[in-house]
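# Geometric and topological summary
So the chains spell out like this:
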There are 2 protein chains.
Amino acid sequence: MPDEKRPSFAGNITADDVAAEAGVSRWTVNRAFRKEASISPKSLEKVRVAAERLGYVPDLRAASLSSDRTNLVALLIDDFANPHKLVMMERLTRILRREGWDILLVNTLDRDDAGHALTNASQRRVDAVILIGIQFDDDVLDAALHARRFRKLIIFARTSRNPNTISIAVDDVRAMKEIANYVHERGYRRPLFLAGPRTSSAHLLRKETFVDYWREHFGSEPETVAVAAYDPALAAAIVEETLSGRAVSELPDIVVCENDALAIGATDVIRHKLKLRIPEDIAITGFDDVPEAESANYRLTTYRQPLTDMAEYLVEVLGSAEDRDFDRLFSGKLMVRDSA
Amino acid sequence: MPDEKRPSFAGNITADDVAAEAGVSRWTVNRAFRKEASISPKSLEKVRVAAERLGYVPDLRAASLSSDRTNLVALLIDDFANPHKLVMMERLTRILRREGWDILLVNTLDRDDAGHALTNASQRRVDAVILIGIQFDDDVLDAALHARRFRKLIIFARTSRNPNTISIAVDDVRAMKEIANYVHERGYRRPLFLAGPRTSSAHLLRKETFVDYWREHFGSEPETVAVAAYDPALAAAIVEETLSGRAVSELPDIVVCENDALAIGATDVIRHKLKLRIPEDIAITGFDDVPEAESANYRLTTYRQPLTDMAEYLVEVLGSAEDRDFDRLFSGKLMVRDSA
DNA sequence: GCAATTTTTGCTCACGGGAGCAAGCGCGTT
DNA sequence: AACGCGCTTGCTCCCGTGAGCAAAAATTGC
């Protein structure tokens with residue numbers, strides 16, 4: 001039993017224990033685990049050996065209590081039906097962790113729940129809150145900001161007009177103009193715009209931009225339909241309901257989708273329910289460039305958000321102590337594939 | 001300026017401030033936020049009003065420091081290319097949060113990183129660690145258990161032979177026997193088993209079960225191929241490499257996939273590269289029942305894991321103070337659709 | 001070799017709340 | 001009116017670390 005002298009649950013090993021083992025003071029032990037602290041090489045080594053033997057790691061709760069920094073950010077998410085969420089989470093968690101940030105993940109069930117989620121995060125004293133959901137409207141944001149519980153409230157991959165909020169997003173207007181222009185130049189003339197749910201804050205300007213473009217260039221209003229969530233299954237149901245039974249001449253020649261989740265649902269229904277070909281009968285465009293978009297099945301023409309750049313800017317913002325306007329728009333890239 | 005008397009960042013409002021405002025002692029304020037504490041209705045009301053005015057919420061870091069419970073669990077994940085991960089995360093986060101657990105999300109980059117991820121979690125003094133990744137082999141688990149830093153180490157949706165670990169998973173043997181039996185009875189005779197990466201711990205017994213079944217019933221070894229990750233794109237590449245150029249008589253009549261991620265990749269490549277029909281030319285089965293499996297595009301015959309039941313059992317385990325064997329296997333349901 | 005620095009170390013106090021104890025209070029009983 | 005009981009309340013001590021200061025030790029210059 002080589003482990004006999006070790007306690008059965010090492011969670012309660014403290015710096016004092018290590019100090020006794022190493023023959024130094026408790027504060028020297030703490031310093032050994034703080035990189036900016038000054039400590040002699042041989043104390044450091046003694047502490048390391050003792051800590052290793054006892055299985056000690058510093059308690060970040062206590063550290064944050066006195067330093068007033070938790071190195072923890074809350075990530076509030078909803079809209080789990082959208083496959084792009086998985087990509088965003090992967091990118092954010094990877095880059096945040098690389099830079100030393102831990103993540104508190106909160107699944108925000110609905111609009112009412114958002115307030116609770118924010119309270120929850122504030123009880124953990126997170127250094128910042130990142131919203132990548134859709135159910136955060138102005139009421140919720142105002143409530144959070146009114147309570148002044150967060151140093152930084154960051155809206156990721158979505159713009160916000162709220163001045164106390166930091167928005168890191170792709171330039172929707174520019175991106176959608178590029179898509180609209182592509183659609184135009186490829187000769188499509190009867191577009192259907194498939195939009196997602198409308199939220200009062202955290203706007204996407206995609207639909208407005210596309211409609212404006214079309215009106216400006218053709219003097220006509222394109223048809224638009226809204227889906228209640230970014231869910232391929234819901235999108236499929238709405239598209240089927242909208243298009244089935246129409247004469248060929250009444251069908252759109254392209255479905256411009258607010259994002260890939262909708263585009264995937266639209267593709268499936270057009271192929272398998274309406275029995276039409278893509279892009280020959282109806283073309284499709286998306287937005288986000290989720291992994292599925294590149295698959296042999298979808299070959300979706302879409303717009304890639306520079307998620308890595310955005311996430312890296314995010315950690316830069318998190319690390320900054322200044323109090324300036326951090327809002328920033330990024331440009332992505334139109335990925336032309338076979339669907340349009 | 002109605003807010004003038006409020007500080008600009010309310011994170012530092014403490015129970016003392018509320019106590020002064022409410023005219024009670026600090027401990028009465030704390031009690032007002034602890035449900036099992038005894039406090040008179042009128043003190044409670046005074047405290048609530050004062051707390052509301054100041055924007056106070058208790059600091060869980062401090063609370064956990066003295067109570068020795070964080071109400072925080074770490075969720076270690078990798079394998080983000082697998083769409084099933086999104087479903088699991090949604091289910092776990094929703095149910096854990098409903099029961100009062102917060103979640104520390106850690107993206108485990110690779111095998112070497114798993115150790116760091118565990119250390120990280122232990123520094124936050126999480127009450128438990130949940131692994132839903134694939135890159136946790138016995139070395140990593142042994143290291144974590146050896147350090148004895150966690151009260152509970154739970155492997156979710158995957159079995160483990162490690163006795164110090166709690167495994168909450170679907171009964172792979174039973175499930176795969178059901179699939180194999182279905183494949184058999186539907187008359188398929190030339191199966192190709194598409195397997196995922198082999199890990200030393202956190203085993204799936206799917207491939208072994210299928211191979212055993214086939215050997216037992218037909219005396220022959222079915223063909224098997226392994227993919228390095230549960231990634232549809234990788235699966236597509238491997239299937240294409242394996243099957244392209246084969247004579248029709250040499251093609252499998254069904255591809256039995258270890259999970260839906262692989263099945264999706266296989267479907268795409270069979271349809272769009274090999275130009276074959278599903279299920280007429282080659283049938284397909286999956287495992288997990290991801291949302292895509294139900295779409296008009298895939299109509300995938302697959303096995304649904306009872307994720308909600310599993311997650312609810314998980315919170316039961318988390319809440320239990322006993323020290324017994326919590327391992328449990330669940331049974332799911334074969335979802336017969338059009339792909340096989 | 002000695003004084004002047006510089007680095008290292010130990011210490012006090014603080015972070016914000018929980019456990020548990022003892023005093024205070026209200027109230028019914030004798 | 002005195003007593004006993006139970007609920008509230010305030011208090012001391014403690015959780016495990018960081019900031020910042022003063023003492024101690026190591027290093028430098030001459």
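Residues numbered from 1 in each chain as written. Chains lettered and ligands numbered in written order. Predicted model: local features only at pLDDT ≥ 70, side-chain atom pairs only at ≥ 80, totals over all residues. Heavy atoms only, no water.

### So, the protein's contact with DNA strand D
Under the convention used in this document: We call a residue near a given molecule or strand whenever any one of its heavy atoms falls within 4 Å of it. Between N or O atoms, a polar contact is any pair within 3.5 Å; within protein, one atom must be a potential hydrogen donor and the other a potential acceptor, and residues adjacent in sequence are included only when both atoms are from side chains. Under the scheme used here, helices are H or I runs from DSSP no shorter than 4 residues and strands are E runs no shorter than 2 residues, and both carry numbers assigned from the N terminus. Each residue is assigned to one class: nonpolar for Ala, Val, Leu, Ile, Met, Phe, Trp, Tyr, Cys and Pro, charged for Asp, Glu, Lys and Arg, and polar for all the others, Gly among them.
Within the structure, DNA strand D sits among 23 residues, and A:Arg26, A:Ser66, B:Ser25, B:Arg31 and B:Ser43 are positioned closest to it. Atoms of DNA strand D within 4 Å of the protein belong to the sugar or the phosphate in 63% of instances, the rest to bases. The separation between a phosphate oxygen of DNA strand D and a polar main-chain atom of A:Asp59 is 2.9 Å. Side-chain polar atom of B:Ser40 to a phosphate oxygen of DNA strand D: 3.0 Å apart, as the coordinates give it. Counting residues per element, the ones that place at least two in the surface near DNA strand D are helix 2 (26–32) and helix 4 (60–67) of chain A together with helix 2 (26–32) and helix 4 (60–67) of chain B. Here the surface near DNA strand D gets 4 residues from one element, more than from any other, and that element is helix 4 of chain A. Its residues assigned to classes, the surface near DNA strand D comprises 9 nonpolar, 10 polar and 4 charged.

### A word on the protein's contact with DNA strand C
With respect to spatial proximity, 24 residues lie near DNA strand C, and among them A:Ser25, A:Arg31, A:Ser43, B:Tyr56 and B:Ser66 are the closest. Here a base nitrogen of DNA strand C sits 2.6 Å away from a polar atom, N or O, in the side chain of A:Arg31. At 2.3 Å, a side-chain N or O of B:Ser66 approaches a sugar or linking oxygen of DNA strand C. Of all the elements in the fold, those that place two or more residues in the surface near DNA strand C are helix 2 and helix 4 of chain A together with helix 2 and helix 4 of chain B. The biggest single contributor to the surface near DNA strand C is helix 4 of chain B, with 5 residues.

### Description of the confidence of the model for chain A
Rules: For every residue, the predictor reports its confidence as pLDDT, a number between 0 and 100. Here, residues are in contact when the closest pair of their heavy atoms is within 4.5 Å.
The predicted model of chain A has a mean per-residue pLDDT of 90, with 95% of residues at 70 or higher. This model gives residues 1–8 of chain A a pLDDT under 50, and the stretch forms 9 contacts once residues within four places in sequence are excluded.

### Side note on the relation of the copies chain B and chain A
Where we set the bar: Alignment of the copies relies on least squares applied to C-alpha atoms, considering only residues that score at least 70 for pLDDT in both.
When chain B is fitted to chain A, the residual RMSD is 0.1 Å, and the transformation amounts to a turn of 180 degrees plus an axial shift of 0.0 Å. Accordingly, the operation relating the two chain copies is best matched by a two-fold axis. Residues of chain B ranked by C-alpha distance from the rotation axis are headed by B:Leu104, positioned 2.3 Å from it. When the interface residues of chain B are mapped onto chain A, 100% of them again lie at the interface, so the same face is used by both copies.

### Re the packing of helix 10 (residues 232–243) of chain A against helix 11 (residues 260–272) of chain A
All names here are of chain A. Rules: Axis lines are fitted through C-alpha atoms, for helices just across the contact stretch, and the angle between N-to-C directions can take any value from 0 to 180 degrees. Should an angle fall under 35 degrees it is called roughly parallel, over 145 degrees roughly antiparallel, and 65 to 115 degrees roughly perpendicular, with every other angle called oblique. Each helix crossing is assigned a hand: it is left-handed if the near helix lies turned anticlockwise from the far helix by less than a right angle, otherwise right-handed if that turn is clockwise.
Their axes nearest at 7 Å, the elements helix 10 and helix 11 cross at an angle of 50 degrees. Taken together, the axes of helix 10 and helix 11 lie oblique to each other. Of the two elements, helix 10 crosses helix 11, and the hand of that crossing is right-handed. Between helix 10 and helix 11, the residues in contact are Pro232, Ala235, Ala236, Val239 and Glu240 and Ala261, Leu262, Ile264, Gly265, Ala266, Val269 and Ile270, respectively. Grouping the constituent residues of the contact of helix 10 with helix 11 by class yields 10 nonpolar, 1 polar and 1 charged.

### Here we look at the interface of chain B and chain A
In plain terms, the rule: Here the quantity called buried area is the accessible surface, traced with a 1.4 Å probe, that two parts lose on coming together, added over both. Whenever Lys or Arg places a side-chain nitrogen within 4 Å of a carboxyl oxygen from Asp or Glu, that contact is recorded as a salt bridge.
Contacts between chain B and chain A engage 60 residues on the former and 61 residues on the latter. For the pairing of chain B and chain A, the buried interface totals around 5,800 Å² over both sides, and the portion due to carbon and sulfur atoms is 53%. Applying the counting criterion to the chain B and chain A interface returns 6 salt bridges. Taken together, the connections running from chain B to chain A amount to 25 residue pairs in polar contact (both at pLDDT 80 or more). For the side of chain B that touches chain A, the elements supplying multiple residues, two or more each, are helix 4, helix 5 (84–98), strand 2 (102–107), helix 6 (111–123), helix 7 (138–147) and helix 11 (260–272) of chain B. Among the elements that make up the side of chain B that touches chain A, the one with the highest residue count is helix 5 of chain B (7 residues). Across the side of chain B that touches chain A, the residue classes break down as 24 nonpolar, 17 polar and 19 charged.

### A look at the sheet that holds strand 2 (residues 102–107) of chain A
As a reminder, the rule being used: Two strands make a pair as long as DSSP finds a minimum of two bridges between them.
Reading across from one edge, 11(A)-5(A)-4(A)-3(A)-1(A)-2(A)-2(B)-1(B)-3(B)-4(B)-5(B)-11(B) is the order of the 12 strands in this open sheet, with mixed pairing throughout. Strands with a single pairing partner mark the edges of an open sheet, and in this sheet they are strand 11 (328–330) of chain A together with strand 11 (328–330) of chain B. Averaged over neighbouring strand pairs, the angle between their axes works out to 20 degrees when direction is ignored. Where strand 3 (residues 128–131) of chain B meets strand 4 (residues 153–156) of chain B, 3 bridges bridge the pair, whose relative direction is parallel. Among the inter-strand pairings, B:Val129 is bridged to a residue of strand 4 of chain B, identified as B:Leu153. The sheet contacts of helix 5 of chain B involve strand 2 of chain A together with strand 1 (72–77), strand 2, strand 3 and strand 4 of chain B, and relative to strand 2 of chain A the element is tilted by about 80 degrees.

### So, the environment of B:Glu221
All names here are of chain B. Heads up, the condition is: Residue exposure (1.4 Å probe, protein chains only): buried if accessible area is under 20% of the type maximum, exposed if over 50%, otherwise partly exposed.
Among the structural elements, Glu221 can be located in the loop between helix 9 (206–218) and strand 7 (223–226). Here Glu221 falls in the exposed class, since its relative accessible area comes to 51%. When the C-alpha positions of Glu221 and Val211 are compared, they lie 6.5 Å apart, and in sequence the two are 10 residues distant. The contacts of Glu221, once residues within four sequence positions are left out, are Val211 and Arg215.

### Notes on the environment of B:Leu307
All names here are of chain B. Tracing the chain through its elements places Leu307 in helix 12 (residues 307–319). The spatial distance from the C-alpha of Leu307 to the C-alpha of Ala157 is 8.4 Å, given a sequence separation of 150 residues. Other than its neighbours up to four places away in sequence, Leu307 contacts His84, Val87, Met88, Arg91 and Phe156.

### Side note on unusual backbone geometry
All names here are of chain A. Cis peptide bonds are those with omega within 30 degrees of zero, and the linkage from Ile278 to Pro279 qualifies with 10 degrees. For Pro279, the position within the fold is in the loop between helix 11 and strand 9 (283–285). Here Arg125, not a glycine, exhibits a phi torsion of approximately 55 degrees, which is positive. Within the fold, Arg125 resides in the loop between helix 6 (111–123) and strand 3 (128–131).

### Let's talk about the domain arrangement of chain A
Quick note on the threshold: An automatic or database domain assignment is the source of the domain bounds shown.
What the domain assignment lists for chain A is domain 1 (10–58), domain 2 (69–170 + 307–331) and domain 3 (172–304). One C-alpha centre belongs to domain 1 of chain A, the other to domain 3 of chain A, and the line joining them spans 59 Å.

### Describing the pairing of strand 4 (residues 153–156) of chain A
Consecutive residues of a regular strand have side chains that alternate between opposite faces of the sheet. All names here are of chain A. Where burial is concerned, the two faces of strand 4 agree: the one with Leu153 and Ile155 and the one with Ile154 and Phe156 are both buried. In this sheet, strand 5 (residues 166–170) lies alongside strand 4 in parallel orientation, the contact comprising 3 bridges. If you follow Ile155 over to strand 5, its bridge partner there is Ser167.

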